[in-house]
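# Reading the structure
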Amino acid sequence: MTTHTITLLPSGHQFQCSEDESILKAGLASGLFMPYSCRSGVCSTCRGTIKEGKVDFGNVHPNYLSEDDKRVGKALLCSAKPLGDCSIEVRELDPAEAFPVRKLPCRVLQLERLAPDVMLMTVGLPANEPAVFKAGQYVDFVLKDGTRRSYSIANVPVTDGVRQVELHVRLVPGGRFTEHVFNSMKLRETMQLEMPLGSFYWREQSDKPMIMLASGTGFAPIKSIIEYSIERGNKRPITLYWGGRTRACIYMAALAEKWAAEHEHITFVPVLSNATPQCNWTGRTGFVHKAVMEDFPDMSGHEVYACGAPIVVESARHDFAAQCGLPEAEFYADSFITEAERHKAAA
Ligand SMILES: Cc1cc2nc3c(=O)[nH]c(=O)nc-3n(C[C@H](O)[C@H](O)[C@H](O)COP(=O)(O)OP(=O)(O)OC[C@H]3O[C@@H](n4cnc5c(N)ncnc54)[C@H](O)[C@@H]3O)c2cc1C
Ligand code: FES
């Protein structure tokens, strides 16, 4: 297969990419750190601009890459393949920040229901292969047929590597992996995982106040980031919004309340969208991203970390920039895209 030279701008970094490989995959394989999350043409995190050369834009739904976008050279680099040498403008991350991605066997050590539809799953890694990651990143389970399911890491990174990984798994009715987790998974079951993945991680060097927006199990990577920032003695203001349908969806509210009680710089705002009388709720209600906008009409000096349900993350991405002046580069997100969204995007 013919290979082509890809040059990233403005860094000038170069790598080879064959015509049947995505530009993102080849760039990451060459040791560069390009932004990505879903790797399936849905979340826009990997968006770049083709400055020179031609690409096959891939099978991306027009909702995520329109004909107008293509005309001005916009491309989703997880889907785009080169048709010749290309120069591409992309918001690259420092390759020194990237940990090598490793495939590891793991064993299920703990399965604990945190809510009727949320399972805390802890998996153990081989004793001689502790794993490093950045607070906020995710793992992929590689299933027997080679398909993957992604889950954000909820525990805190350790310099010389962790031996266990904590995950918060929400049951998706009809979902292949989560139905197994909730209905037939046994302790000590072994799986293959790949980690660490994604460019959603805490930017420790910044001094901007942080808005954290979690929807459902989107709390998992936010938990890792907040606990790690506390451990590091960081005092930047953090306002955590956690949205769910009912009280049960805010499944670790006591922990978030404890952070807020013990640390002056942390504020916790739970928001319910479908509170029932059983919730006995007197707190904020409505869409969680709207609650953020009510409290922060001007986000121009903030950083936002958003995670969870795709509709919440995408609404926040759009509305925070359009209505609250949040710079595009200050919005970090992992959208918990499932096969349902991937299928819709490919249709
Ligand atoms: C970066 C990232 C991080 C994530 N982190 C987390 C996390 O921390 N916690 C968490 O709970 N989830 C997370 N997710 C979501 C997770 O990866 C899974 O997608 C989710 O758990 C569902 O997996 P499943 O195998 O149970 O469902 P799937 O088998 O993938 O099915 C999901 C839904 O799609 C439907 N479906 C399946 N195939 C098709 C098809 N061909 N056409 C139409 N519909 C179809 C199913 O009926 C079901 O309703 C994350 C996703 C991403 C991308
Ligand atoms: S990583 Fe390319 S669209 Fe999500």
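What counts, and where the lines are drawn
Residues numbered from 1 in each chain as written. Chains lettered and ligands numbered in written order. Predicted model: local features only at pLDDT ≥ 70, side-chain atom pairs only at ≥ 80, totals over all residues. Heavy atoms only, no water. Helix = DSSP H or I, 4+ residues; strand = E, 2+ residues; numbered from the N terminus. Near = heavy atom within 4 Å. Polar contact = N/O pair within 3.5 Å; in protein donor to acceptor, adjacent residues only side chain to side chain. Nonpolar A, V, L, I, M, F, W, Y, C, P; charged D, E, K, R; others polar. Domains from an automatic or database assignment. Pairing = 2+ DSSP bridges. Phe/Tyr/Trp six-rings, centres within 6.5 Å; stacked < 30°, edge-to-face > 60°. Buried < 20%, exposed > 50% of the residue type's maximum accessible area, 1.4 Å probe, protein only. Lys NZ or Arg CZ within 6 Å of the ring centre and 35° of its normal. UniProt positions renumbered as here; feature names shortened; annotations may be inferred. Salt bridge = Lys/Arg side-chain N within 4 Å of Asp/Glu carboxyl O. Core = buried A, V, L, I, M, F, W, Y, C linked by side-chain atoms within 4.5 Å. Contact = heavy atoms within 4.5 Å. Buried area = accessible area lost by both parts, 1.4 Å probe.

## Topic: unusual backbone geometry
- The linkage connecting leucine 9 with the following residue, proline 10, adopts the cis geometry, with an omega of 5°.
- Along the chain, methionine 195 connects to proline 196 via a cis peptide bond; the corresponding omega equals -5°.
- Secondary-structure assignment places proline 196 in strand β13 (residues 190–197).
- With a phi close to 55°, arginine 39 is a non-glycine residue in the positive phi region.
- Mapped onto the secondary structure, arginine 39 falls in the loop between α1 (23–29) and β3 (47–52).
- Of note in the backbone geometry, serine 44 takes a positive phi value of approximately 75° without being a glycine.

## Thoughts on the site of ligand 1
- Within the structure, ligand 1 sits among 25 residues, and Arg149, Ser150, Tyr151, Phe177 and Thr178 are positioned closest to it.
- The contact in question runs from an oxygen atom of ligand 1 to an N or O atom on the backbone of arginine 170, over 2.8 Å.
- Between ligand 1 and arginine 176, the relevant distance is 2.9 Å, taken from an oxygen atom to a main-chain nitrogen or oxygen of the residue.
- Going through the elements one at a time, β11 (148–152), β12 (164–170), α3 (176–183) and α8 (339–346) are the ones with two or more residues in the shell around ligand 1.
- When grouped by side-chain class, the residues that make up the shell around ligand 1 number 9 nonpolar, 11 polar and 5 charged.
- Formed jointly, the shell around ligand 1 draws a minimum of three residues from each of two domains, domain 2 (99–197) and domain 3 (210–343).

## Some details on the pairing of strand β7 (residues 86–89)
- Pairing analysis gives 4 bridges linking strand β1 (residues 3–9) to β7, with the strands arranged parallel. Pairing of leucine 8 across the sheet is with isoleucine 88, part of β7.
- Relative to β7, β3 is paired through 3 bridges, and the arrangement is antiparallel. In the strand pairing of β7, glutamate 52 is matched with serine 87.

## Points about the packing of aromatic side chains
- Following the criterion strictly, the structure yields 13 aromatic pairs and no others.
- Ring centres 6.5 Å apart and planes at 80° place the aromatic pair tyrosine 241 and phenylalanine 296 in the edge-to-face group. Placement of the pair is tyrosine 241 in strand β15 (residues 238–244) and phenylalanine 296 in the loop between α6 (288–295) and β18 (303–308), with a sequence separation of 55 residues. Summarising the burial analysis for this pair, tyrosine 241 and phenylalanine 296 share the class buried.
- Counting every residue linked through ring pairs, the aromatic cluster contains Phe219, Trp242, Tyr251 and Trp259.
- Sitting above the plane of the tyrosine 201 ring, lysine 134 keeps its charged end 5.0 Å from the centroid.

## Observations concerning the UniProt feature "domain: FAD-binding FR-type" (unreviewed entry) in the protein chain
- Within this structure's numbering, the places UniProt gives as "domain: FAD-binding FR-type" (unreviewed entry) are residues 101–203.
- Helix makes up 8% of residues 101–203 and strand makes up 45%, while its end C-alpha atoms are separated by 20 Å.

## Some remarks on the pattern of salt bridges
- As enumerated under the stated definition, the model contains 24 salt bridges in all.
- Two residues, lysine 103 and glutamate 194, come together in a salt bridge whose shortest N-O distance is 3.3 Å. Placement of lysine 103 in strand β8 (residues 102–115) and of glutamate 194 in strand β13 is noted, with a sequence separation of 91 residues between them.
- The exposure class of glutamate 194 is buried, given its relative accessible area of 9%.
- Residue lysine 223 pairs with glutamate 166 through a salt bridge whose shortest N-O separation is 3.2 Å. Placement of lysine 223 in helix α4 (residues 219–231) and of glutamate 166 in strand β12 is noted, with a sequence separation of 57 residues between them.
- Within this structure, Arg39, Lys103, Asp140, Arg148 and Glu194 form a network of salt bridges that share partners.

## Quick word on the nonpolar core
- Ranked by internal contacts, the top residues of the largest apolar core, which has 31 residues, are Met212, Phe219, Ile222, Ile226, Leu240, Trp242 and Tyr305.
- Looking at this core, the elements that each hand over two or more residues are β9 (118–124), β14 (210–215), α4, β15, α5 (253–262), β16 (266–272) and β18.
- When we break this core down by domain, the ones giving at least three residues each are domain 2 (99–197) and domain 3 (210–343).
- Each residue touching isoleucine 226, except ones within four places of it in the same chain, is listed here: Met212, Ile238, Leu240, Trp259 and Ile266.
- Among the nonpolar cores identified, the runner-up in size contains 26 residues, and Phe15, Val60, Val90 and Tyr138 belong to it.

## Let's talk about the domain arrangement of the protein chain
- The domains assigned to the protein chain are domain 1 (3–96), domain 2 (99–197) and domain 3 (210–343).
- A straight line from the C-alpha centre of domain 1 to that of domain 2 covers 28 Å.
- Across the contact, 4 residues belong to domain 1 and 7 residues belong to domain 2.
- For the domain 1 face of the interface with domain 2, the top three residues by lost area are Phe33, Tyr36 and Arg39, together amounting to 86%.
- Seen at the junction of domain 1 and domain 2, the total is 1 salt bridge.
- The partner of arginine 39 in a salt bridge is aspartate 140, with the nearest N and O atoms 2.6 Å apart.
- Tallied by class, residues from the side of domain 1 that touches domain 2 come to 2 nonpolar, 1 polar and 1 charged.

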